[in-house]
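A look at the structure
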Amino acid sequence: MFAKAAAIADRDLIHLELGMPVHDTPDFIKDATIAALKAGDVHYSSFQGQPALRAALAEKITRFNAVPVDAGQVLVTNGLTQASYAAFMATINPGDEVILLDPYYPQHVGKIELCGGKVVLVPLDAENDFALRADWIAAKVTEKTRAVVLVNPCNPTGRIYTREELEALAEVAIRHNLVVISDEVYEYITFDGHAHISIAALPGMAERTITLSAFTKAYAMDGWRIGYAFASAELIGGMSKIVTNEVTHVNTFIQAGALAAVTGGDEAVAHMVGDDRAKRDIVVRAMNQMPGVTCMPPQGTIYAFPCVRETGLSSQELADRILDECGVVVEAGSFYGAAGEGYLRVCFGSQSAERIGEAMERLRGFFSGLKAA
């Protein structure tokens, strides 16, 4: 949808398709980066990431994620995208099967296939707010299954999985000796008291989980391309070989900005999450008033995932018509897999509250017109 919108000139488009934070990176993060640059931190540095940053991340992971780690178990990467690539490359052999939960994050498919792996889709339980069904996962496990990919909080559904859901998945992983690759980039963006739980914190899971995160969403640092992974020393060692041979290491001086973020960014994160919560409420309230649309409040992330099946139109047809007829860019739920058909992904984190309100007015007119027709 971004590509389609980019081809349209001279129209006032409201972009709700990209998961790009509207906020600017906080000044204290920029200042720390500029200071490092001016101080001459412009040369090769640690392949695994600057020691001070890895130490700070290890403290954060031990405290916030409840997974005791040391700096040697942390790998700094060029965004979560590279972290996930390294995780797949270090764990998947040709012919291995990897379970993705549908709706899924599309980039994971290509990376698994680059490793010679086979994607096996297991749907989330859409009738129960996209619940994670460990029994459905267990039914798809074969002797070739190597890993399960988890996105929690979930893009695109906005679900935060409960401890009970994660414990059931952990039991399957331990019983079948599976690796869990857990994408937790939205770990700080949670609403209404829903608690994010890292699956690596559950008994027996630290040694078989690779957890991925980044500074992208919580700190509005998407263009900085800096993320990290943590896992056992053995798994991080394998991933480090991939990253070192691929890029040597992450840009040296931006790691000073990341260090400032992880050690002093709590207030800034809380402010941005509060803004996202307010915009989420605008979207959910407005969409539930539109004919043929129902929208559960997302528990986390910066996405709403409204159900539009009552319109009788496919997700892609709706997304295309919304772009053409009212100049709002949303993503078809089917882009995220067959289980996303009948839904749209609407990013409320990508615009100001004013622009979100304007987008909702345009969508209200669009869906009302569909009903009248």
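Everything here concerns the structure above.
Residues numbered from 1 in each chain as written. Predicted model: local features only at pLDDT ≥ 70, side-chain atom pairs only at ≥ 80, totals over all residues. Heavy atoms only, no water.

Take the nonpolar core next. Among the nonpolar cores identified, the biggest contains 91 residues, and Phe215, Ile226, Met360 and Phe367 are the most heavily contacted of them. Among all residues touching Phe367, those that are not within four sequence positions of it are Met290, Pro291, Val293, Val308, Thr311, Leu318, Ile322 and Leu344. Counting residues in each nonpolar core, the second largest holds 28 residues, with Leu101, Ala134, Tyr161 and Met205 among its members. (Core = buried A, V, L, I, M, F, W, Y, C linked by side-chain atoms within 4.5 Å. Buried < 20%, exposed > 50% of the residue type's maximum accessible area, 1.4 Å probe, protein only. Contact = heavy atoms within 4.5 Å.)

Okay, the pairing of strand β3 (residues 97–102) next. Within β3, six of the six residues are buried, which leaves it mostly tucked inside the rest of the structure. Taking every second residue as pointing to the same face, both faces of β3 are buried, with Glu97, Ile99 and Leu101 on one and Val98, Leu100 and Asp102 on the other. Across six bridges, β3 lies against strand β4 (residues 118–123) in parallel orientation. Bridging across to β4, Leu100 finds its partner in Leu121. Handedness of the β3-helix α5 (residues 107–114)-β4 crossover: right-handed. (Helix = DSSP H or I, 4+ residues; strand = E, 2+ residues; numbered from the N terminus. Pairing = 2+ DSSP bridges. Right-handed = clockwise from strand over helix to strand, strands pointing away.)

Before going further, it helps to spend a moment on the sheet that holds strand β9 (residues 303–304). Strand order in the open sheet formed by three strands is β9-β12-β11, with antiparallel pairing between adjacent strands. Edge positions in the open sheet fall to β9 and β11 (331–332), since each of these has one partner strand only. Pairing geometry for β9 and strand β12 (residues 344–347), over two bridges, is antiparallel. Bridged to Ala304 within β12 is Val346.

A word on the pattern of salt bridges. Taken as a whole and assessed by the stated rule, the structure comprises 19 salt bridges. A salt bridge links Asp125 to Arg133, with the shortest nitrogen-to-oxygen separation between them at 3.4 Å. A residue is classified by how much of its surface remains accessible, and Asp125, at 8% relative accessible area, is buried. (Salt bridge = Lys/Arg side-chain N within 4 Å of Asp/Glu carboxyl O.)

With that settled, the discussion passes to the layout of surface pockets. Of the voids in this model, the largest pocket is the one considered here, and its volume is about 640 Å³. Lining of the largest pocket is provided by 27 residues; of these, Gly19, Tyr105, Gln107, Lys217 and Tyr303 occupy positions nearest its centre. Those elements that provide at least two residues to the lining of the largest pocket are α1 (2–6) and α4 (79–91). Classifying every residue of the lining of the largest pocket by side-chain character gives 15 nonpolar, five polar and seven charged. (1 Å grid on protein atoms, 1.4 Å probe; cavity = no way out; pocket = protein on both sides within 12 Å on 5 of 7 lines; lining within 4 Å. Points joined across faces, edges and corners; volume = space filled by probe spheres on them. Nonpolar A, V, L, I, M, F, W, Y, C, P; charged D, E, K, R; others polar.)

So, on to a nonpolar patch on the surface. Taken together, the side chains of Phe2, Leu18 and Met20 make up a nonpolar region of the molecular surface, amounting to roughly 270 Å² of accessible area. Position of Met20 among the secondary structure elements: in the loop between β1 (14–15) and α2 (27–38). (Patch = residues over 30% accessible without salt bridge, like charges linked within 9 Å, V, L, I, M, F, W, Y side chains within 5 Å. Areas by Shrake-Rupley, 256 points an atom, 1.4 Å probe, with all protein chains shown as cover.)

Let's shift gears to the side chain of Arg280. Summarising the element assignment, Arg280 is placed in helix α10 (residues 266–287). For Arg280, a relative accessible area of 4% translates into the label buried. Not counting residues up to four positions away in its chain, the partners in contact with Arg280 are Phe191, Asp192, Pro297, Pro298 and Phe348.

What follows covers the sheet that holds β3. Strand order across the open sheet formed by seven strands is β2-β8-β7-β6-β5-β3-β4, with mixed pairing between neighbours. Each edge of the open sheet is held by one strand with a lone partner, namely β2 (74–77) and β4. This sheet shows a mean twist of 20 degrees between the axes of neighbouring strands, independent of strand direction. Where strand β6 (residues 179–183) and strand β7 (residues 209–214) come together, four bridges link them in parallel fashion. Residue pairing in the sheet places Asp183 in a bridge with Leu212 of β7. Helix α3 (residues 51–64) rests against β2 and β8 (227–230) of the sheet, and its axis sits at about 120 degrees to β2. (Axes fitted to C-alpha atoms, helices over the stretch in contact; angles between N-to-C directions.)

By secondary structure assignment, the location of Thr77 is in strand β2. What makes Thr77 buried here is its relative accessible area of 0%. Within the local environment of Thr77, its side chain forms a polar contact with the backbone nitrogen of Tyr228, the two atoms lying 3.5 Å apart. With residues up to four places along the chain from it excluded, the contact list for Thr77 reads Gln82, Ala83, Arg225, Ile226, Gly227, Tyr228, Val243 and Val250. (Polar contact = N/O pair within 3.5 Å; in protein donor to acceptor, adjacent residues only side chain to side chain.)

Two measures define how a pair of helices packs: the angle their axes make with one another and the distance between the axes. With their axes 7 Å apart at the nearest point, α2 and helix α9 (residues 254–264) run at an angle of 145 degrees to one another. In the packing of α2 onto α9, the handedness of the crossing is right-handed. Taken together, the residues of α9 that come into contact with α2 (itself represented by Phe28, Ile29, Ala32, Thr33 and Ala36) are Ile254, Ala256, Gly257, Ala260, Ala261 and Gly264. Here the contact of α2 with α9 is composed, by residue class, of eight nonpolar, three polar and no charged. (Left-handed = near helix turned anticlockwise from the far one by under 90°.)

What follows covers the packing of α4 against helix α8 (residues 233–247). Interhelical geometry of α4 versus α8 gives an angle of 115 degrees and a closest axis separation of 8 Å. As α4 runs across α8, the sense of the crossing is right-handed. On α8, the residues that touch Gln82, Ala83, Tyr85, Ala86, Ala87, Met89, Ala90 and Thr91 of α4 are Leu235, Gly238, Met239, Ile242, Val243, Glu246 and Val247. When the residues that make up the contact of α4 with α8 are grouped by side-chain class, the tally is eleven nonpolar, three polar and one charged.

Here we come to unusual backbone geometry. In most cases, non-glycine residues show a negative phi, while peptide bonds are predominantly trans. The amide bond that connects Asp102 to the next residue, Pro103, takes the cis arrangement and shows omega of 10 degrees. Following the sequence through the fold, Pro103 ends up in the loop between β3 and α5. Note the cis peptide between Asn155 and Pro156, where omega equals 25 degrees. Residue placement: Pro156 occurs in the loop between β5 (145–151) and α7 (163–175). Phi at Thr301 is positive, roughly 70 degrees, even though this residue is not glycine. Relative to the helices and strands, Thr301 resides in the loop between α10 and β9. For Thr301, a relative accessible area of 0% translates into the label buried.

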